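Spelled out from the first residue to the last, the chains are:
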Amino acid sequence: MLKQILKILVYLIIFLLPIFWLPFSFEFLEFNKLYLVFFLSWTGVLLWLLKEILMDKEIRFRWSQLDVLILIFLLITIFSFAFSADKSSGIFGTYGRFSNGFLALFAFFGLYFLIRNNLKLGIEGEEGLITFRGIFNSLLFSSFFVLFWAYFSLFGFWLKIPYLQSIAIFNPVGPSVESLAVFLSLIILLVLSRLLVKKELKRIAKFFYTLFLVLSLPLLLIFDFLSAWILLSLSLIFFVILSLRQVVLKEEIDKFIFPIFLIIIALIFSFLNFENLLAGFSGRISWALNFPREQILDQRESWAIGFKAVTSNIKNGFLGSGIGTFLSNFSQFKSDRMNQGFFWQLRWDRPGNNLAEILATLGFLGGICFLLILIWLLILIILKKTDLEGISWKIFLFGLIALQFVFYQNMVLGGLFWLGLAIGANLGLSKEKRFPLRDFPGVTLAFETLVIVLALLLVVGAFFGIRFYLADHYYQKAFLEPDLDKKISFFQKSFNLNPYQPYYQMAFSLALVSRVQQELNAPPEKQDQKLMQDLGASAAALANRATLLAPNQILYQQNLADIYRDLAANNLALEAYQKAVLLEPKNPLFYVEVGKIQAQLRKFNEARESFKKALDLVPQLAIAKIQLGLLLEQEERTKEAISEFENLVREFPSSSEAYFHLGRLYYNNGETDKAIEQFQEAIRIFPNYSNARFSLALSFEKKGEFEKALEELEIVENLNPENEVVKKKMEEIKRKLERSVEEEIP
């Protein structure tokens, strides 16, 4: 019975990993997959220990050089985590990703251990619960679910189901089509090689293998992801070479036609842009382009950040910045060229490949150890002779090795890699250690103790796991809740259940600041000063707590600085932004914020230098040039300020803010007609620009055009229904309008 449960559990993990997701947490995919793999795999390890002790009466486990390398890699990870400043990301992984943390790594190791010690190898006298065929079938059936889900998404099927409209995901493998393309490439390698080399395949098996290939390849063409093509072409070239070397298919040489055809297709599409080709056709196929694309950090920048991180100091050289901290590395070490183009404000929490992330976060020790694991696998699949079924697994393993150089790790791809490690370890030379319990009482006692400890750890883990899952559920509810007071209540519950997640504290603090701003919009006589002080203090405390949990994480430092700024705590905001500059020195917006605060403190020369530093990073940064113009106004150099903004609206004709400030300067200088023109231009660019409409209303009021002023204020009131200043101004203009009408009546 215990053996059967363990067998089902292992197959269940393999089957569910690519398709499992739940709509009850903020992040539907990775968060739930982490829970699935961690708890099921370590429950499986516990059941395996019980089976060994209660049923087999001996402890047996396999080991080889690969197992030694993996244990060393785990030890390096533990030491790296111990010396990391960001323990939160180290444990859970980057929020929203979750596959790059300590828990994910140990979940994968639990899966590896289960498959490593329970896979049947066909050796005489050897026992095993799971088979290569069972693993393959579990992956294939799961992959069919993935395929059907992707096609339903492409054709908009899920949008026709009311319940799924707001929660349906495009594909269950990952948040974008890139991860799906890579996943399909790996499974194609496994299915195709098995179809070609497996002798005497049943007709039903051939049908399903062929069906999978027929359904998969169109998706690869549509998604057209370079890393997937590279992975597929390299692996198929290796398959052809390996087959020729081992004289496989010597009597069926025509079977090489299809893999060679795929190699040519993959190489062609590595250079063609299929999406652009499709876009040239009519809108009848526009559905094929309506899928979520992901902006992926390019390989050059990924490696550059990795090497900058490990050479930044001695600790990072040996142990890296700590598992789960690539975002901090990106913020600190991104190159100047990342400030060029449309995506200069993006922050990447993952590199273009897994090996670069390991190098950056685990140092040279972790990078070299992981590279040795890959080399061990590569030597195995090249030199180790296997049966025909082993050929297909070798191709799959080669694809997993290539994957580490061309794409990052998510939960599905990470799970496949560790599954592949377990298969590779079992294909290679390995020894089996046996400890009959009656002959080794000390070993018996040790393993019985281990069972008790592991059981207790799983119970404790389940307790905290439930709390943390509920915390994320309440975070999701808070994120979706429009009512601010209810939103704050949900954030409070989320924080109470998981006070170790700084991401919740950041969101909670922002909600509290929004509540302060809501209170400020009330009439002065209705404002609760003590409430605003308490809310502001709580927001600052939460934001500060988040920075203490993850001191090198730029998101939380920026949030702290923004909150101090919004609460008008200028000196604290200045200090926080200056620290943010140290964590992300290539971010021009931080220099802009520093300059704005320095200008408020009347440190005009320092402010000008800060704005110029921002422009050194991004020369066409409109907001920095606008601030330089406002600085001239603060220095009472009005004519120069007007001249500067006249140049700015020519340089940035789509900047509503530049037009607004030029109009404001004209208005203050008594040039009302010119001011009206600028305000109207600002509104043309951004119709919901409340400040521009309010200023336009004031300009119309100044000219005595009260009806036009009232029209603008009504729009402003609709945009800001709780703003008492707008309501008072409307009442004032209504009275003026009534008086003007009365004066016109003879």
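In this text the structure is predicted, and so the values were computed from the model without any measurement.

Reading the values: the criteria
Within any chain, residue numbers begin from 1 and follow the written order of that chain's sequence. For a predicted model such as this one, the threshold for reporting local features is a pLDDT of at least 70, and the threshold for listing and counting side-chain atom pairs is 80 or more; totals across whole chains, interfaces and linings nevertheless cover every residue. Computation of side-chain values: all heavy atoms of the structure, hydrogens and water removed. Each helix corresponds to a stretch of at least 4 residues labelled H or I by DSSP, and each strand to a stretch of at least 2 residues labelled E; elements are numbered beginning at the N terminus. Relative accessibility thresholds used throughout: buried, under 20% of the residue-type maximum; exposed, over 50%; partly exposed, between the two (1.4 Å probe, protein chains only). The contact criterion used is simple: two residues touch if any of their non-hydrogen atoms lie within 4.5 Å. Ring pairs shown here join Phe, Tyr and Trp side chains whose ring centres sit within 6.5 Å, with only the six-membered ring taken for Trp; geometry is labelled stacked below 30 degrees between planes, edge-to-face above 60, and tilted in between. Lysine and arginine charges are scored as sitting over a ring when NZ or CZ, respectively, is within 6 Å of the ring centre and within 35 degrees of the ring normal. Simply put, an axis is a line fit to the C-alpha atoms, just over the touching stretch for a helix, and the angle between two N-to-C directions goes from 0 to 180 degrees. These descriptions rest on fixed angle ranges, namely under 35 degrees for roughly parallel, over 145 for roughly antiparallel, 65 to 115 for roughly perpendicular, and the rest for oblique. Take the far helix as your reference; a near helix turned counterclockwise from it by less than a right angle gives a left-handed crossing, and one turned clockwise gives a right-handed crossing. For this classification, Asp, Glu, Lys and Arg are treated as charged, while Ala, Val, Leu, Ile, Met, Phe, Trp, Tyr, Cys and Pro are nonpolar and the rest, including Gly, are polar.

Help me understand the side chain of Thr77, please; the structure alone is not making it clear to me.
Tracing the chain through its elements places Thr77 in helix α3 (residues 65–82). By relative accessible area, which is 0% here, Thr77 ends up buried. Ignoring anything within four residues of it in the chain, the contact list for Thr77 reads Phe102, Leu105, Ile323 and Leu362.

Before we go on, may I ask you to explain the packing of aromatic side chains in this structure?
By convention here, two paired aromatic rings are described through the distance between centres and the angle between planes. Overall, the coordinates contain 56 aromatic pairs when judged by the stated rule. Ring geometry for Trp48 versus Phe113: centroids 5.0 Å apart, planes at 85°, classification edge-to-face. With Trp48 in helix α2 (residues 30–56) and Phe113 in helix α5 (residues 102–118), the pair connects residues that are 65 residues apart, well separated along the chain. Taking relative accessible area as the criterion, Phe113 reaches 21% and is therefore assigned partly exposed. Considering the side-chain rings of Phe660 and Tyr689, the 5.4 Å spacing of their centres and the 45° angle between planes classify their relative orientation as tilted. Residue Phe660 is located in helix α28 (residues 656–668), and its partner Tyr689 is located in the loop between α29 (672–685) and α30 (690–702); the two are separated by 29 residues in the primary sequence. One exposure class covers both Phe660 and Tyr689, and it is buried. The positively charged end of Lys87 is found above the aromatic ring belonging to Phe81, 5.8 Å away from the centroid. Directly above the ring of Tyr667 sits Lys702, whose terminal nitrogen or CZ lies 4.5 Å from the centroid.

Whenever I open this one, the packing of helix α6 (residues 132–154) against helix α8 (residues 203–223) confuses me. Can you help?
Describing two packed helices takes the angle between their axes plus the distance from one axis to the other. The contact between α6 and α8 brings their axes to 11 Å, and the two run at 40°. Compared by their axis directions, α6 and α8 come out oblique. Seen from above, α6 lies across α8 with left-handed handedness. Counting all contacts with α6, which are made through Phe136, Leu140, Ser143, Phe144, Leu147, Phe148, Ala150, Tyr151 and Leu154, the residues of α8 involved are Phe208, Tyr209, Leu211, Phe212, Leu215, Ser216, Pro218 and Leu219. Tallied by class, the residues present in the contact of α6 with α8 amount to 15 nonpolar, 2 polar and no charged.

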